[in-house]
Amino acid sequence: MTVHQRRLKQIVFTIGGTEFQTQLTSWNVDPGEKDGDRVYTYGTTSENNSFVEETDGEPTLELKWVSDWRAGGLDDYLWSNNNIEADFQLDHHPEIAGEHVRWTGRVLLKAPPAGDEARKTEMSEIKLSILGTLGDGLDYERIG
């Protein structure tokens with residue numbers, strides 16, 4: 001397979017049915033899959049004397065954005081809906097046929113930290129917990 005390079009330019013992102021993609025500067029959907037611990041039992045090396053513990057994923061949605069405290073801005077939305085569950089949808093490469101993919105699920109909203117240094121552009125970031133696991137609360141699909 002040859003190298004395939006693509007710049008991140010466009011997404012469609014909603015929380016609770018409200019679009020926020022124009023405020024975002026960075027995003028990351030992490031399925032939170034972890035390697036389990038290997039457990040060994042007594043026996044000879046020719047026997048199957050080990051296993052790997054099953055783990056549960058802890059998916060997250062990480063967001064960074066230019067702070068927006070106006071009514072309808074992402075900071076105002078998160079502070080006004082702290083500790084509320086909301087649906088999200090993130091469409092990645094929506095403008096490219098054959099590469100458009102979508103993640104959907106529910107997140108537990110929380111208010112992000114506020115403030116920063118004087119004369120610096122105000123930025124916000126947060127890591128939201130996705131409720132459920134990959135395939136059971138966090139869904140991935142190819143569009144088109």
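Just so you know, these numbers come straight off a predicted model, no measurement behind them.

Student: Provide a residue-level description of a negative patch on the surface, including the pertinent values.
Tutor: Side chains of D30, E33, D37, E53, E54 and D56 sit close together on the surface and give a patch of like negative charge. Relative to the helices and strands, D56 resides in the loop between β5 (50–52) and β6 (60–66).

Student: Tell me about the environment of I15, and name the residues and values.
Tutor: You can see I15 is positioned in strand β1 (residues 11–15). With a relative accessible area of 0%, I15 lands in the buried category. Measuring from C-alpha to C-alpha, the distance between I15 and T104 comes to 9.9 Å, with 89 residues separating the pair along the chain. Once you skip the residues sitting within four places of it in the chain, I15 turns out to touch F20, L63, Y77, A86, D87, F88 and L109.

Student: I'd like to hear about the packing of aromatic side chains, residue by residue, with values.
Tutor: For the structure on display, the rule yields 4 aromatic pairs. Relative to W103, the ring of W27 lies with its centre 5.8 Å away and its plane at 55°, an arrangement referred to as tilted. Placement of the pair is W27 in strand β3 (residues 24–30) and W103 in strand β8 (residues 101–108), with a sequence separation of 76 residues. By relative accessible area, which is 21% here, W27 ends up partly exposed.

Student: Please set out the environment of V66 residue by residue, giving values where relevant.
Tutor: Here V66 lies in strand β6. Owing to a relative accessible area of 38%, V66 belongs among the partly exposed residues under this scheme. Taking the C-alpha atoms as reference, V66 lies 5.7 Å from Q23; in sequence the two are 43 residues apart.

Student: So what's going on with the pairing of β6? Which residues, and what values?
Tutor: Here β3 runs beside β6; their pairing, made up of 6 bridges, is antiparallel. Directly across from D30, in β6, lies its bridge partner T60. For β6 and strand β9 (residues 123–131), the ladder comprises 7 bridges, and the chain directions are antiparallel. Counterpart to L61 in the pairing with β9 is L128.

Criteria and cut-off values
Residues numbered from 1 in each chain as written. Predicted model: local features only at pLDDT ≥ 70, side-chain atom pairs only at ≥ 80, totals over all residues. Heavy atoms only, no water. Patch = residues over 30% accessible without salt bridge, like charges linked within 9 Å, V, L, I, M, F, W, Y side chains within 5 Å. Areas by Shrake-Rupley, 256 points an atom, 1.4 Å probe, with all protein chains shown as cover. Salt bridge = Lys/Arg side-chain N within 4 Å of Asp/Glu carboxyl O. Lys, Arg positive; Asp, Glu negative; His and termini not counted. Charge placed at Lys NZ, Arg CZ, Asp CG, Glu CD. Helix = DSSP H or I, 4+ residues; strand = E, 2+ residues; numbered from the N terminus. Buried < 20%, exposed > 50% of the residue type's maximum accessible area, 1.4 Å probe, protein only. Contact = heavy atoms within 4.5 Å. Phe/Tyr/Trp six-rings, centres within 6.5 Å; stacked < 30°, edge-to-face > 60°. Pairing = 2+ DSSP bridges.

By themselves, these figures tell us nothing about what the structure is for.
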